[in-house]
Amino acid sequence: MTPISKLFTLYSIHIVPEVIMQRLRIKNVLSEGHAGQPVTVCGWVRTKRESKGIAFIALSDGSTQDTLQLVVSETSPAFQILARCNTGAAIKAAGSLKESPAQGQKFEIEVSEIEIFGDADPASYPLQKKGHTLEFLREIGHLRPRTNTFGAIFRVRNILAEAVHEFFQGRGFIWVHTPVITASDCEGAGDMFTVTSLPLESLPRAAGGVVDFSQDFFGKHAYLTVSGQLEAEFLAMSLGDVYTFGPTFRAENSNTSRHLSEFWMIEPEMAFADLKDDMLLAEDFFRFLCRRALEKGESEIAFLEKFYKNTSVAGLKDLAEKSFVHITYTDAVRELEKSGEKFEFPVKWGLDLQSEHERYLTDKVFKGTVIVTDYPKEIKAFYMKMNDDGRTVAAMDVLVPKIGEIIGGSQREERVDVLTERMSKSGIPVENMQWYLDLRRFGSAPHAGFGLGFERLVQYITGMQNIRDVIPCPRAPREIKF
RNA sequence: UCCCGGGUAGCUCAGCCGGCAGAGCAGGUGGCUGUUAACCACCCUGUCGGGGGUUCGAAUCCCUCCCCGGGAGCCA
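Values in this document were obtained by computation on a predicted structure and should not be read as measured data.

*Asks:* Sorry if this is basic, but what is going on with the environment of Arg-144 here?
*Replies:* Mapped onto the elements of the fold, Arg-144 is located in the loop between α3 (134-139) and α4 (148-170). Under the relative-accessibility criterion, Arg-144 is labelled buried at 1%. Residues Arg-144 and Pro-472, 328 residues apart in the sequence, show an inter-C-alpha distance of 8.9 Å. Among the polar contacts made by the side chain of Arg-144, one reaches the side chain of Asp-469 at a distance of 3.2 Å.

Okay, structure coming up:
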């Protein structure tokens, strides 16, 4: 079968009848099937249970959390091929759908025919008919999506990705595609990956021995983006309300369960909006995503709840309805100071909140999601709007229990003089950023936005404790496969 | 990058004050007419992470490197 004909089997059963498998997805069989219907399904064997004269196969095709039970009796010609239907084998099964007489599943297929596409030698196939640790599965990233757990995670990831677009499109936001390769090296304090086509074994040098990027592909030093925000700003200052949803890269040597070198980020940016609008949007957005995850992925969430206990259907329902607590940084510091709690790091106005402080606020004080606003200007980025007090900026961090910061946002500084001063004080090369200042010189307006780390969202919804388990191909220091 | 904890059968782990390398699961074979990570019986399974050292003798003690996990910093 050619790749093209494979596509036809998925999307059209009318165009090329001679190559059709007339395969039904297990998801559809279970939700729309009726007893007596002839069905053909394709998938991978999860388990096989043999008894004298009858055998049961649990088949998964990735379309849904549930497996489909195939019943093969002694009288079926398929009985002869059972020895090859081992865990992991790819097969096609045809038969008649019937209501299952036993507990555990509504439907099953009385199989008349089985075709093996690909065997899986049980002695060497790494996925056994037993539970595996997430650490082990991380080592076989190409096979782990075949497990219940990762099937659930990646389906939930898809549900959330769709929901992101649904939310913004429903509110008239325009999806903009900001660049993956950028020349702005001042977006964040973080280290960036250089993009170059220079010969690494003999780099051209300029005066002082520094690499001469004027000879590079773009004629200047280029990087992988660490944020689409700055570009999203000029699109918001023309299109109104926009959002980005794409990959982001950080070259930091972070070895944690919450960081990736390549991750996906969602960054809405709104013209004619202030911090309050920003907070409202963040809250509506987050709650919408929780709601959609439950509506479209309840069986996945329920599975993850049952086996890992770090997420729950009830908890997400609660979150989807409960409003967030709002607190200013100044009040948060006061709250921490009066708590009497022994912290490893000091709590003092002007110092950034540490993970332990954030966790104390979400887990102990408010027992839920908290938005902290109005941080001291010294600990936040140059583009954030200076408040009237001259000490704080209109920033917000959305903190969720266990994960910590999931959204970071702010109202942007729209006054050209204030922004210029903050840039030079922060060591930002103003001469390279004239385009950014132009937005404040010509038709400037209040605007605001935030960034949401998509994997942290998936982590939060699925309850996965390690961020490397919510993306198919995790990239981290010294970790790159495929 | 720093601080802890680990690396022993395909997987999960016990063995670690030196003295014949183990269990459960998985796998194989046989049994069982409806199973649900089926069940019962028997069988198979090793570079004890790599290298070096101490010792009559090292999975066990020492040094070193690599890898994994948890926490911290940076952040989303």
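*Asks:* What's the story with the protein's contact with RNA strand B in this structure? I'm lost.
*Replies:* Around RNA strand B, 49 residues are found, and the nearest of them are Lys-130, Thr-256, His-259, Arg-359 and Arg-456. For RNA strand B, the fraction of atoms within 4 Å of the protein that belong to sugar or phosphate moieties is 50%. At a separation of 3.4 Å, a phosphate oxygen of RNA strand B approaches a polar side-chain atom of Thr-47. Between RNA strand B and Gln-105, the relevant distance is 3.0 Å, taken from a base oxygen to a side-chain nitrogen or oxygen of the residue. Listed by contribution, the elements that provide at least two residues to the surface near RNA strand B are β1 (38-51), β2 (54-60), α3, β11 (262-271), α9 (355-365), β15 (404-411) and β16 (447-453). Residues of the surface near RNA strand B, tallied by class, amount to 12 nonpolar, 21 polar and 16 charged.

*Asks:* Whenever I open this one, the sheet that holds strand β14 (residues 392-400) confuses me. Can you help?
*Replies:* Remark on secondary structure: sheet strands pair via backbone hydrogen bonds, oriented parallel or antiparallel. Sheet architecture is open: 8 strands sit in the order β6-β10-β11-β16-β15-β14-β13-β12, paired in mixed fashion. A single partner strand is all that each edge strand has here, and the edge strands are β6 (174-175) and β12 (325-328).

*Asks:* Help me understand the sheet that holds strand β9 (residues 222-224) in this model?
*Replies:* Spatially, 3 strands are ordered β7-β9-β8 in an open sheet, and the strand pairing comes out antiparallel. For this open sheet the edge positions go to β7 (181-182) and β8 (194-195), each flanked by a neighbour on one side alone.

*Asks:* Can you walk me through the packing of α4 against helix α12 (residues 454-462) in this structure?
*Replies:* In helix packing, the relevant descriptors are the interaxial angle and the interaxial distance, both defined with respect to the helix axes. The N-to-C vectors of α4 and α12 enclose an angle of 120 degrees; their axes lie 10 Å apart at closest approach. As judged from the angle between their axes, α4 and α12 are oblique. For the crossing formed where α4 meets α12, the hand is right-handed. Here Ile-153, Val-156, Arg-157, Leu-160, Ala-161 and Val-164 of α4 lie close against α12, whose contacting residues are Phe-454, Glu-455, Leu-457, Val-458, Ile-461 and Thr-462. Here the residues of the contact of α4 with α12 are counted per class, giving 9 nonpolar, 1 polar and 2 charged.

*Asks:* Would you mind going over the packing of aromatic side chains with me for this structure?
*Replies:* Here the distance between the centres and the angle between the planes together describe a pair of aromatic rings. Per the counting criterion, the structure on display carries 22 aromatic pairs. With a centroid separation of 5.8 Å and an interplanar angle of 75 degrees, the aromatic rings of Tyr-329 and Trp-349 are classed as edge-to-face. A residue pair is termed long-range when its members are at least 10 positions apart, and Tyr-329 in helix α8 (residues 329-338) and Trp-349 in the loop between α8 and α9 qualify at 20 residues. By relative accessible area, which is 0% here, Tyr-329 ends up buried. Residue classification places Trp-349 among the partly exposed positions, given a relative accessible area of 26%. With 6.2 Å between their ring centres and 70 degrees between their planes, Phe-382 and Tyr-436 make a pair best called edge-to-face. Here the residue Phe-382 occupies a position in the loop between β13 (370-376) and β14, and Tyr-436 occupies one in helix α11 (residues 434-441), the gap between them amounting to 54 residues. Overall, the relative accessible area of 5% leaves Phe-382 in the buried class.

Cut-off values and rules
- Residues numbered from 1 in each chain as written.
- Chains lettered and ligands numbered in written order.
- Predicted model: local features only at pLDDT ≥ 70, side-chain atom pairs only at ≥ 80, totals over all residues.
- Heavy atoms only, no water.
- Helix = DSSP H or I, 4+ residues; strand = E, 2+ residues; numbered from the N terminus.
- Buried < 20%, exposed > 50% of the residue type's maximum accessible area, 1.4 Å probe, protein only.
- Polar contact = N/O pair within 3.5 Å; in protein donor to acceptor, adjacent residues only side chain to side chain.
- Near = heavy atom within 4 Å.
- Nonpolar A, V, L, I, M, F, W, Y, C, P; charged D, E, K, R; others polar.
- Pairing = 2+ DSSP bridges.
- Axes fitted to C-alpha atoms, helices over the stretch in contact; angles between N-to-C directions.
- Parallel < 35°, antiparallel > 145°, perpendicular 65-115°, else oblique.
- Left-handed = near helix turned anticlockwise from the far one by under 90°.
- Contact = heavy atoms within 4.5 Å.
- Phe/Tyr/Trp six-rings, centres within 6.5 Å; stacked < 30°, edge-to-face > 60°.

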